[in-house]
Every structure is written in C-alpha cells, then in structure tokens.
Amino acid sequence: MQSSFRNYINGRWETGVTTAISENPSDLGSPVGEYARADAAQTDAAIRAASQASAAWAFTTPQRRADVLDQIGSEILARKDELGDLLAREEGKTLAESIGEAARAGNIFKFFAGEALRATGEKFASVRPGIEVDVTREPIGVIGIIAPWNFPLAIPAWKIAPALAYGNTVVFKPAELVPACGWALSEIISRAGLPAGAFNLVNGSGRQVGQAIVDSPLVDGISFTGSQATGAQLLKTAVERGAKVQLEMGGKNPLVVLADADLDQAVECAVQGAFFSTGQRCTASSRLIVESTAYDAFVAKLRERTRALKVGHALGRGIEIGPVASRAQLEQNLGYIEIGRHEGAELVVGGATVECATPGHYMAPALFLGEPQHRIAREEIFGPVAVVIRADDADHALALANDTPYGLCAGVCTRSLKQATHFKRHLQAGMVMVNLPTAGVDYHVPFGGRKASSHGPREQGRYAAEFYTTVKTAYTHA
Ligand code: NAD
C-alpha cells in the first residue's frame with residue numbers, strides 16, 4: 001500500500017492534518033493507499049498561495065501556458081495504462097474503461113494547450129469619433145475545483161485544464177473516495193513548470209476542505225460536479241459572497257426506443273448507457289422508455305443481454321461491470337431495489353450482490369419494469385439500476401422523457417429521420433443522442449445540462465471560456 005499521497009500547496013508536498021485509507025472496491029483486503037487529509041486552515045493556505053500566484057500566471061505568455069498543458073497531456077497519454085490501472089483499483093470501473101478515461105484526460109490537456117494559443121478578442125468601431133473599442137477575455141482569478149468520485153481523472157482534467165489555459169490559478173479538491181487519482185494527476189501537474197501556488201491539491205472532506213473553498217473570499221470562481229443536494233447548498237453560500245459558480249449535478253436520463261428502432265442497436269445503447277461504468281455516470285440511461293409495439297421484444301432481448309453481463313474485479317479479464325465504488329453506494333443501490341419492489345415494479349433480472357474471488361462491492365445490474373411515478377423512475381440512484389417504462393406512442397414517449405426535474409442527457413433510438421429531428425428539437429436536455437447511448441461524449445464540445453442538472457455556463461470545448469474568463473471592454477482615444 002502506498003502511503004505518500006500528500007497535499008500539494010504553494011509548490012511543496014505537505015503532510016495533512018490527518019490521514020485516511022483509500023479502498024479498492026474490487027478487493028477490500030488490498031487498499032490503494034493512505035492519503036493526507038487537509039483541514040480548513042490548510043485549505044486556506046492553499047487558497048492564499050493560489051491568490052498570490054494569480055497575477056503572475058495571468059500574465060504568462062500563451063506559449064508558456066500551452067507548453068505546460070501540452071507536457072501534462074503528453075505525460076498522461078504516455079502513462080495511460082498505469083493511470084488506468086490505478087483508477088480501476090480505486091474507483092472500480094473496468095480496466096478498459098479506466099484506460100479510456102485516462103486517455104481522455106490526456107487529450108483534454110492537449111486540447112486546452114491549443115486553446116491557450118487561440119485566445120482572441122474583437123475590435124469594434126466606436127459610435128464616437130476617434131475611438132476604438134477592444135473586447136478581450138481575461139482570467140477570473142482563483143478557481144476552486146470540487147470534483148466527484150465517478151470520473152476521478154477526466155472531470156478534474158476538464159476543469160483544471162481550461163482554468164490554467166485561460167490564466168487562472170487552481171485549488172483542487174478531489175472526492176474523498178478517489179484521493180490517489182487526484183494525487184497522481186496533481187503529481188504530473190506539479191512537474192510541468194507552473195509557478196509555485198498556481199496549482200494546489202487539497203484532499204479532505206467536503207465539510208471542511210470543500211466548505212473552506214466555498215466560503216473563502218479569495219476564491220473567485222467555483223467549478224463543482226457532484227450531487228444536486230451538495231450543489232444547491234454550495235450555490236447559496238457562493239452566490240451570497242458574489243463568487244462565479246458552475247455546477248454539474250445529477251441526472252435521470254431517458255433513452256426512448258421507438259417502434260421503428262433497430263432493436264439490437266437499441267438494446268446495446270440501453271446496456272451501455274445504463275450499466276457500463278457500473279451505472280455510476282451522471283449521463284446514465286436510468287429510464288428506458290419504449291413504445292408499446294416494441295416493448296415485449298425489447299424487454300426480452302435486454303433481459304438476456306443484462307443477465308449475460310460479466311460482473312467482477314475491475315482488473316479481471318473479460319469483465320464488463322466492475323464493483324460499485326463504495327459500501328455506501330452499494331447500500332443505496334440495494335435500498336432502491338427494495339423501494340422498487342415495494343412500489344410494485346417488477347424486477348426482471350439482477351439486483352442482488354454477487355460473490356467474487358476477492359471481497360468487494362459487487363452487484364448484478366438490475367432491470368425493472370415500472371411506471372413513471374415510481375421513485376426508481378424519478379430519483380437518481382447512481383448505480384446499475386434501470387427501469388423500463390411503456391409508452392403508448394412517440395408523443396407519449398417524448399412527454400415521459402421530459403417529465404423529470406433533471407435535464408442532463410436524453411436519447412432516442414429510431415430509424416426515422418423525421419422522429420430523430422423532432423426528438424432532437426423537443427427533448428429538454430443539454431445533450432441529446434440519436435441511436436447512441438446517453439453516456440459517452442466527445443471531449444472537445446460543450447458538456448452540461450438544463451433544469452436541476454446544471455447551473456452556469458457549459459464545461460468543455462471552447463465554451464469553457466464562458467466560465468473561466470471574464471470579458472473586458474477597452475476604449476482607446478488615439
Ligand atoms: P457529492 O455531492 O457527494 O460530492 C461531490 C464533491 O463535493 C466531493 O468532492 C465532496 O467532498 C464535495 N462536498 C461535499 N459536501 C460539500 C460542501 N458542503 N461544500 C463543498 N464541497 C462539498 O457527489 P459524489 O457522490 O461525489 O458524486 C456523485 C454525484 O455527482 C451524482 O449525483 C452524479 O450525478 C453527479 N455527477 C454529475 C456529473 C455532471 O457532469 N453532471 C458528472 C459526474 C457526477
């Protein structure tokens with residue numbers, strides 16, 4: 001077990017105030033490591049360091065910022081197998097999924113290395129004589145990054161990379177379940193040539209470290225991804241003190257299967273969207289809304305495909321579904337299985353714990369046949385649990401898909417161009433998929449949702465500049 005996962009503050013590796021163990025959900029007998037946990041005072045030290053480094057980093061050349069980000073991206077890509085192995089051990093997604101996530105993190109840094117060089121502005125003619133108007137973007141200052149556990153490399157990457165590319169400094173708080181991934185990413189960043197204080201890592205609890213970031217008047221912007229409850233609470237405090245806030249939160253994403261869909265393709269979309277990464281994706285398709293005439297055939301195929309999924313150790317050969325990330329999450333999933341049964345939904349396959357060679361949080365993906373008003377069809381479970389809902393026709397399916405407080409991603413499977421166009425236009429979500437799983441997005445285009453799923457500007461791609469920069473309008477009298 002590695003025990004050197006320290007915090008990184010003002011260019012130095014610091015021991016924490018306490019330590020904690022990071023578990024391996026595939027093998028509870030082989031923890032990943034012991035890591036340092038900061039308190040509010042140590043977090044304040046990191047914030048002060050970021051604040052002091054702010055002016056210097058904001059005025060570095062785009063070339064320097066591009067070089068730093070490119071170096072980080074190159075190293076992540078070169079070490080994607082090793083980082084993927086760590087991610088699989090700590091979070092529990094399969095090795096293939098984990099290596100894919102590591103590569104994605106590397107590509108994101110490479111993309112924003114390019115963006116650092118592409119900074120542009122606009123020149124306007126003034127309405128007054130002899131005056132020119134320039135509109136440019138500037139960094140906002142210190143960014144507090146509060147991340148969830150389910151994408152422990154990619155989500156921090158898609159926040160840290162644009163923050164640094166546009167000239168901000170960073171205080172990064174990983175989720176408690178994944179300190180080793182946060183540390184591994186930070187260790188690479190620490191050797192990339194940033195000035196001391198421009199990037200800081202503080203592991204620890206949301207209550208202490210997270211709250212200190214939210215409360216600090218020195219933190220100008222907070223980029224948060226996590227649950228709706230935490231996001232809503234954080235927003236109140238941050239807005240009260242005038243900080244800029246970007247929130248990416250939960251989802252209850254629908255996948256609509258119309259009667260004319262290619263059923264094999266639709267089943268594959270459903271299985272991947274609902275159960276891969278153990279269903280622990282904000283974009284997971286947890287509601288499968290199927291037009292009545294295709295319902296029986298779809299359910300029969302999906303039940304067999306779900307039953308055949310191989311659950312096991314995240315590093316195991318041929319494993320399709322790794323363990324649930326934590327005991328608490330497993331208990332929450334099993335709690336929802338009981339809720340579903342109690343409400344009268346029919347559990348057609350899965351839903352129980354699975355014994356494997358090593359002790360871990362294993363669970364067979366669960367498929368319910370349910371009703372739109374069931375709690376399992378309305379509340380985010382964040383596990384491998386999906387519910388199939390019958391729709392009378394395409395209009396009914398669309399209405400059911402939109403009948404949710406969330407609006408992150410929504411999908412439709414159809415062979416009809418007319419229906420695809422109609423659903424793309426009318427699905428109330430930040431992202432829409434046609435004949436694709438709801439989970440699985442590109443890294444160079446905007447990511448985010450509507451309604452209770454998101455708040456503030458989009459993440460990723462060049463749209464990230466909306467959050468990480470502020471606009472300046474300058475008037476010059478020649
Ligand atoms: P969480 O809300 O429990 O924690 C997220 C982060 O917030 C953690 O780092 C946590 O320590 C921190 N935190 C907790 N309390 C805090 C406080 N009072 N002040 C400041 N920070 C605090 O969420 P989680 O369990 O880590 O992640 C799962 C959730 O994340 C799910 O709801 C999922 O849908 C959501 N998620 C959303 C997206 C998206 O982009 N929309 C992506 C991934 C995950």
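Undergrad: Help me out: how do you make sense of unusual backbone geometry in this one?
TA: Among all residues save glycine, negative phi is the norm, and among peptide bonds the norm is trans. Look at Asn435: it is not a glycine, yet its phi comes out positive at around 55°. Residue position: Asn435 is located in the loop between strand E20 (431-434) and strand E21 (450-451).

Undergrad: Quick question: what am I supposed to make of the pairing of strand E8 (residues 142-146) here?
TA: Summarising burial for E8: five of the five residues are buried, a large majority. Neither face of E8 is open: one carries Val142, Gly144 and Ile146, the other Ile143 and Ile145, and all of them are buried. Pairing geometry for E8 and strand E9 (residues 169-173), over five bridges, is parallel. Each bridged residue has a counterpart across the sheet, and for Ile143 the counterpart in E9 is Val170. One crossover worth recording links E8 to the parallel E9 by way of helix H5 (residues 154-165), and it is right-handed. Across four bridges, E8 lies against strand E11 (residues 221-225) in parallel orientation. What sits directly across from Gly144, in E11, is Ile222.

Undergrad: Which parts of the structure should I look at to understand the layout of surface pockets?
TA: The rolling of a water-molecule-sized probe over the atoms marks out the regions of remaining empty space. Roughly 910 Å³ of internal volume is contained in the largest pocket. For the lining of the largest pocket, the element with the most residues is helix H7 (residues 206-215), which contributes five residues. When grouped by side-chain class, the residues that make up the lining of the largest pocket number 16 nonpolar, 14 polar and five charged. Lining the lining of the largest pocket are residues from two domains, each supplying at least three of them: domain 1 (4-249 + 453-477) and domain 2 (254-434). A volume near 710 Å³ is recorded for the second largest pocket.

Undergrad: So what exactly am I meant to see when it comes to the environment of Ala377 here?
TA: As for its position among the elements, Ala377 is in the loop between strand E16 (366-370) and strand E17 (385-391). Not counting residues within four places of it along the chain, the set of residues in contact with Ala377 comprises Lys252, Arg287, Glu371, Pro372, Val387 and Ile389.

Undergrad: It is not clear to me how H7 should be interpreted in this structure. Could you clarify?
TA: Two residues of an α-helix separated by three or four positions point the same way, owing to the 3.6 residues in each turn. All of the buried residues along H7 are Val209, Gly210, Ala212, Ile213 and Val214. Where the residues of H7 are buried, they touch helix H1 (40-58), E8, E9, E11 and helix H8 (228-240).

Undergrad: What am I meant to see in the site of the ligand here?
TA: Around the ligand, the surrounding shell holds 27 residues, and the nearest of these are Ala147, Glu176, Ser227, Met249 and Glu380. Note that an oxygen atom of the ligand is positioned 3.0 Å from one of the side-chain N or O atoms of Trp149. Between the ligand and the protein, one listed contact pairs an oxygen atom with a side-chain N or O atom of Glu380 at 2.6 Å. Starting from 850 Å² of accessible surface for the ligand in isolation, the protein chains cover 88%. Cavity membership is defined here by more than half of the atoms lying within 2 Å of grid points; on that basis the ligand lies in the largest pocket. Of all the secondary-structure elements, those providing two or more residues to the shell around the ligand are H7 and E11. With four residues, H7 is the largest single contributor of residues to the shell around the ligand. Grouping the amino acids of the shell around the ligand by side-chain chemistry returns 14 nonpolar, nine polar and four charged.

Thresholds applied
- Residues numbered from 1 in each chain as written.
- Predicted model: local features only at pLDDT ≥ 70, side-chain atom pairs only at ≥ 80, totals over all residues.
- Heavy atoms only, no water.
- Helix = DSSP H or I, 4+ residues; strand = E, 2+ residues; numbered from the N terminus.
- Buried < 20%, exposed > 50% of the residue type's maximum accessible area, 1.4 Å probe, protein only.
- Pairing = 2+ DSSP bridges.
- Right-handed = clockwise from strand over helix to strand, strands pointing away.
- 1 Å grid on protein atoms, 1.4 Å probe; cavity = no way out; pocket = protein on both sides within 12 Å on 5 of 7 lines; lining within 4 Å.
- Points joined across faces, edges and corners; volume = space filled by probe spheres on them.
- Nonpolar A, V, L, I, M, F, W, Y, C, P; charged D, E, K, R; others polar.
- Domains from an automatic or database assignment.
- Contact = heavy atoms within 4.5 Å.
- Near = heavy atom within 4 Å.
- Polar contact = N/O pair within 3.5 Å; in protein donor to acceptor, adjacent residues only side chain to side chain.
- Areas by Shrake-Rupley, 256 points an atom, 1.4 Å probe, with all protein chains shown as cover.
- Sits in = over half its atoms within 2 Å of the grid points.

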